[in-house]
Amino acid sequence: METANIKFNGGIWSEVLKGRYDLGNYQSASRTCENFIPNRYGQVEKRSGTKHLGYAKEDDRVCVLHPFQYSVNTKFILEFGHEYVRFWSNDLQVESGGSPLEVVTPYQEAELYELQMRAVNDVVYVVHPNHPVGKLTRIADNNWTYAEADLSLPFVDPDVNPIDVTLTPSATTGTGIDIVSSADAFDADHVGSVLRLEYLTEGSSSVFHDDYLQSATSYYSNLVAADNAISFSKTNTYETTSDNGYNWRVSRNAALNGQVLYYTCIKDYTPATWVTATSYVIDDVVIDGGLAYYCTTAHTSSVLFADDSANWSEVIQPADAPNHFSAGAEALFPQDVSGEWSLKTTGSWRGDWAIQRSIDGGVNWSTIRTLSSRDDANYLVEEDENGETHQIRVLAITSYWDGRERESVTFTILSAPAYGTAEITSVTDAQNVEADVVTEIPSTDATVSWQESAFSSYQGYPRSIALFDNRLLLAGTKKKPQAFFYSAINAYDDFLAQTTLADSPFFVEALSDDQSSIQWLSAQRELFVGTASVEGILATRKQDEAQSPENLPIVRWNESMGSAHRGALPMRDSLMCLQRGRTTINMLAYSLERDGYTGEEVSLLCNHLFQSGVQQMAHLREPYTGAYTIQEDGTLCHMVYEPKLQVTGWCKFTTQNGDFESVAVIPSSGSDEDQVWCVVKREVNGDTKRHVERFTIDNRAKQEALDADNLWYVDAGVKATGTDLTSVSGLDHLEGETVCVLADGIKGEYVVSGGVITLLIPADTVIVGLPVVSEFEPLDLEVTYKGGSTYGKRKQLYQSKLMLHKSLGGSIAYDSESYQELIYHTAGEAMDSSIPLKSGYSEVFAEGGHSRQKFWRIKHAEPYPFTLQAVIQSFTMGKH
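Residues numbered from 1 in each chain as written. Predicted model: local features only at pLDDT ≥ 70, side-chain atom pairs only at ≥ 80, totals over all residues. Heavy atoms only, no water.

(A) Up close: the overall build of the protein. For the protein, the count of helices and strands is 1 helix and 76 strands. By residue count, 52% of the 880 residues in the protein fall in the buried class. Long-range contacts, defined here as pairs at least 24 residues apart, represent 63% of the contacts in the protein between residues at least 6 apart. Working note: accessible area of the protein is about 37,900 Å², and carbon and sulfur atoms make up 46% of it. (Helix = DSSP H or I, 4+ residues; strand = E, 2+ residues; numbered from the N terminus. Buried < 20%, exposed > 50% of the residue type's maximum accessible area, 1.4 Å probe, protein only. Contact = heavy atoms within 4.5 Å. Areas by Shrake-Rupley, 256 points an atom, 1.4 Å probe, with all protein chains shown as cover.)

Structure (structure tokens):
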């Protein structure tokens, strides 16, 4: 009888499935697929080797790699270790001042696998439930900083009922103030928490006219040319302040219709008599012959002003000295406003007014509305500061003195909440704390309206992070394990929910049957969420609108698999997530039948690979869709995922004298293969170090081009090129090891001594490293035929024909017998030259007897490619 195996991409199956030939992919599955990759088209091929790049910082501690990608051409590998992060790029460790660039972080070795992060341009936000949100910033390629993110914190209600428990501050500003609670409310973990105290401010109304400004208790003279706005004279001195308080208000009368333009002196205007051969700087003002001139360029004056227009300009009106005077003068002095306000004009008036807002205490002002009338307009302006205390003022830009009538303008401030915040610095007891005021507290009265920061040692810190709809999303704190905190749109540090405007920050709690904490978030077309008990999506009530305070999301739970605290991986139109025990891997995908998302276990057929526990996962996009997982036993498992071809094939990678501890993937520049980086804990010459290595790319292209000299199938490898090289150095990381060498396509074996090997034959291209031992064994030989099946019957295998593609090396064994070398040499080939890669059939004969269990195994340890396309087996079968 004959049987042909033409597919080997079923991946590794567990031994408990032996004999299950009724399962669809039995013929393509394998018992062993170690350092071989099941190709999505059916072949199985030897994996590439790795390039030695350097060492991690610490030999005796784990480090974990994470990718950072600003663009396809600007990318880094971040090496997170115990309280540090280092940086790698273009196969090199990033240095600063001749030493590895290193940034201090708070993350401990035991926390490294639980870090979750998202990048926004040059900033990486890092979360872990034991630490405040971190912010890793790339200032330049060799200049990175780490700091606790300066977030506008969200606030939540305390554990106690604030209606029953009041807080009374001892002062409104300063450090070390006392805050007293009317009942037990604090414990030692509250140190670092920020308290937000709310008070209600009373409303007020101010009326000002053309000739005076009226406030609650005082009257202020208004802007009139004959009163306190001084007519401008170019040779006079004007100061920003003066004894009468009005020198900073300056006006000019225009010739047309008695128009008055108002200015404010913002820098002392002090004209001096011009002296030749004197050094002048910009803004200097001089007078000569009754005329004033403004210095526009720093220079030493020696030419009359009229003949030196490059350095001087004549001052006629305030606008000619722009750094001394700004347009407009205050008609309504700055008012603190935190809620709604309005400004209403009445009657007939002529002039121009500017309403301005300052959000930094009066340092900078922006015009929010300009009012103009020529006896033809009145206005009602209504605004809301939405709980943030800002300053509002009104500037008079122009008015008309001739024929004015006295009409009123009313500025009204409605009652509104005002907030003050203070950070707790010490806890005296459950009712007394000391705090530093962050923003001024409106009153020292007791308040029943208070909250505490949602991120703190007491409340806990976020454990999950995502970017969705131009918002940064943080989730899963200790006290609110199923709360989602959304930043403002395009303001990723602002989480202070104060308004219900569509672009404002907000937070929402979405409760499942239990309060299992959110473990991961993944932003795809929809926002996926996994907790320790269920998985689902965050959907909106109005599905055609984005999530916002006006359109709060709700969670639609779909599965009850339960997730581990590891990030989920997007895989095509699915999502790969690790189950809570870290030994099961699931794929979450949309089900048309269920009209929802359902989970499928992709580790079901090979669950033995993950029994030690998965530590980390990474996603491969090019040249095919796949995933890598790091196990606690030091193996690196790889899945080839092609659902349209029904391919979900797992294999595992091992390496000589080493354990894989971390993996990360970034795109390549100028190649269609992603770069796969890893950390390998290797014992070499009695020393254990953490090696940073990268799997080599473009081996397939070299294989297709029959470029045997440059193939890279060794681990921790180094490549040397030159002319007639007789030795290779730079092998200190392999000291004392027996290494595999490919020298101009000819394999060899040497022992590293003093970091060097000496070649027996000179070569131009030499690749040196540890041999990669690859093994492939399909499941037992079982086939069905017209008369039944071979299951349980005695069989004798006497011939195998292996179809190979551009391969070299390897051996085959039957039923645990000795290995037979595969023959590639043909007559006429020189024995001391590189053997060309071969395609076609290789025949092997077996000499074993009859048995009920028949199997074969391929082993390959040469520095060459090996691609198995098909196997045709000839065997006889007994009746029993």
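(B) Focus on the pattern of salt bridges. Going through the model one piece at a time under the given rule, you end up with 32 salt bridges. Linking R47 and D715 is a salt bridge whose minimum nitrogen-to-oxygen distance equals 2.7 Å. With R47 in the loop between strand 5 (44-46) and strand 6 (50-55) and D715 in strand 64 (residues 714-728), the pair connects residues that are 668 residues apart, well separated along the chain. Relative accessible area serves as the criterion here: at 1%, R47 is assigned to the buried category. (Salt bridge = Lys/Arg side-chain N within 4 Å of Asp/Glu carboxyl O.)

(C) Expanded view of the pairing of strand 49 (residues 518-523). In terms of burial, strand 49 is a largely internal element, 5 of the 6 residues being buried. Linking strand 49 back to strand 50 (residues 527-531) in an antiparallel pair, the connection comprises 3 residues. (Pairing = 2+ DSSP bridges.)

(D) Broad picture of the sheet that holds strand 31 (residues 291-295). Strand order in the open sheet made by the 4 strands is 28-30-31-33, with mixed pairing throughout. The two strands at the open ends of the sheet, each matched to only one other strand, are strand 28 (272-273) and strand 33 (312-315).

(E) Looking closely at the nonpolar core. Within the largest apolar cluster, 66 residues are counted, with the highest numbers of intra-cluster contacts made by M576, M639, W650, W856 and L868. Discounting chain neighbours no more than four positions away, the residues touching M576 are A568, L569, M571, I585, N586, M587, M617, A627, T629 and M639. (Core = buried A, V, L, I, M, F, W, Y, C linked by side-chain atoms within 4.5 Å.)

(F) Region of the structure containing the environment of R525. Secondary-structure assignment places R525 in the loop between strand 49 and strand 50. With residues near it in sequence (within four places) discarded, R525 still touches F468 and Y597.

(G) Just the environment of N121, in detail. Along the chain, N121 falls in the loop between strand 14 (116-120) and strand 15 (123-128). It is 9.0 Å that separates the C-alpha atoms of N121 and S71, two residues lying 50 residues apart in sequence. Not counting chain neighbours up to four residues away, the residues in contact with N121 comprise F68 and Y70.

(H) The arrangement of the side chain of N9 in detail. If you trace the backbone, N9 turns up in the loop between strand 1 (2-5) and strand 2 (11-12). A relative accessible area of 6% places N9 in the buried class. Residues contacting N9, with those up to four places away along its chain left out, are S28, P38, N39, R40, Y41, G42, V647 and G649.

(I) Spatial organisation of unusual backbone geometry. A cis amide bond, omega 5°, links E622 with the succeeding residue P623. Inspection of the secondary structure assignment puts P623 in the loop between strand 57 (614-620) and strand 58 (626-631). Positive phi is not limited to glycine here, since N121 has a value of about 55°. Using a relative accessible area of 58% as the deciding quantity, one classes N121 as exposed.

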